[in-house]
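# An overview of the molecular structure
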Amino acid sequence: MKTTFSYIGKTADKYLEEGCSIYERRLKHYLSYETVLIPDIKNGGKLDAEQLKIKEGEQILQRLKNDDCLILLDERGKVYTSEQFAANMDQWFQAPYKRLVFQVGGAFGFSEAVYQRANYKLSLSAMTFSHQMIRLFFLEQLYRAMTILRNEPYHNS
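The structure contained in this document is the topic of the report that follows. (Residues numbered from 1 in each chain as written. Predicted model: local features only at pLDDT ≥ 70, side-chain atom pairs only at ≥ 80, totals over all residues. Heavy atoms only, no water.)

So, on to the pattern of salt bridges. In total, this model carries 5 salt bridges according to the counting rule given. Put simply, Lys53 and Glu50 hold a salt bridge, and the shortest N to O gap is 3.4 Å. Of the two residues, Lys53 and Glu50 are both situated in helix α2 (residues 49-62); the distance of 3 residues between them amounts to about one turn of the helix. Given a relative accessible area of 16%, Lys53 falls into the buried group. Taking the shortest distance from any N to any O, the salt bridge between Arg144 and Glu140 comes out at 2.8 Å. Note that Arg144 and Glu140 are positioned in helix α5 (residues 133-149) at a spacing of 4 residues, about one turn of the helix. Each of the two residues, Arg144 as well as Glu140, counts as buried. Each of Glu34, Asp68 and Arg99 takes part in a single network of salt bridges with overlapping partners. (Salt bridge = Lys/Arg side-chain N within 4 Å of Asp/Glu carboxyl O. Helix = DSSP H or I, 4+ residues; strand = E, 2+ residues; numbered from the N terminus. Buried < 20%, exposed > 50% of the residue type's maximum accessible area, 1.4 Å probe, protein only.)

What follows is the structure in structure tokens.
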């Protein structure tokens, strides 16, 4: 099964870009993995938050297929330990989906249409992180989950 990590807008900070690329390279040893960058909405700064979420939501939804499992990284999602997340990954890999799509929203989150399409919502913390920082945190946790599933020492080092 393919695993896709999708987010809106380029990463502004070089250190985040570098950190993400380290984990993306590592993940390719474990997964059929891809990153999808959804471009920022043109003239998005002229839209109010709700309009922007709707436009971004349209971009997210048009990239999905019916047999995709959409997992939103959302502050209202379920919080797991690293071990619980790994166990969920194992279950998702065995489900009849063709692709797992982990989606980070824009600065204002997701539209209602995206919430309706989502199969799961995942939160990495009760704290709120920027939509750019969450990229690095998630990739590290995804890598950690893969090492847990393979019983490799990274998790406890």
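Now that the structure is up, let's keep going.
Of all 7 residues in strand β1 (residues 2-8), 6 are buried, a share of seventy percent or more. In this structure, β1 lies alongside strand β2 (residues 32-38), joined through 7 bridges in parallel fashion. Across the sheet, the residue bridging to Thr4 is Glu34, located in β2. Following the backbone out of β1, through helix α1 (residues 14-27) and into the adjacent parallel β2, one traces a crossover that is right-handed. Sheet topology places β1 next to strand β4 (residues 99-104); 5 bridges connect them, and they run parallel. Directly across from Phe5, in β4, lies its bridge partner Phe102. (Pairing = 2+ DSSP bridges. Right-handed = clockwise from strand over helix to strand, strands pointing away.)

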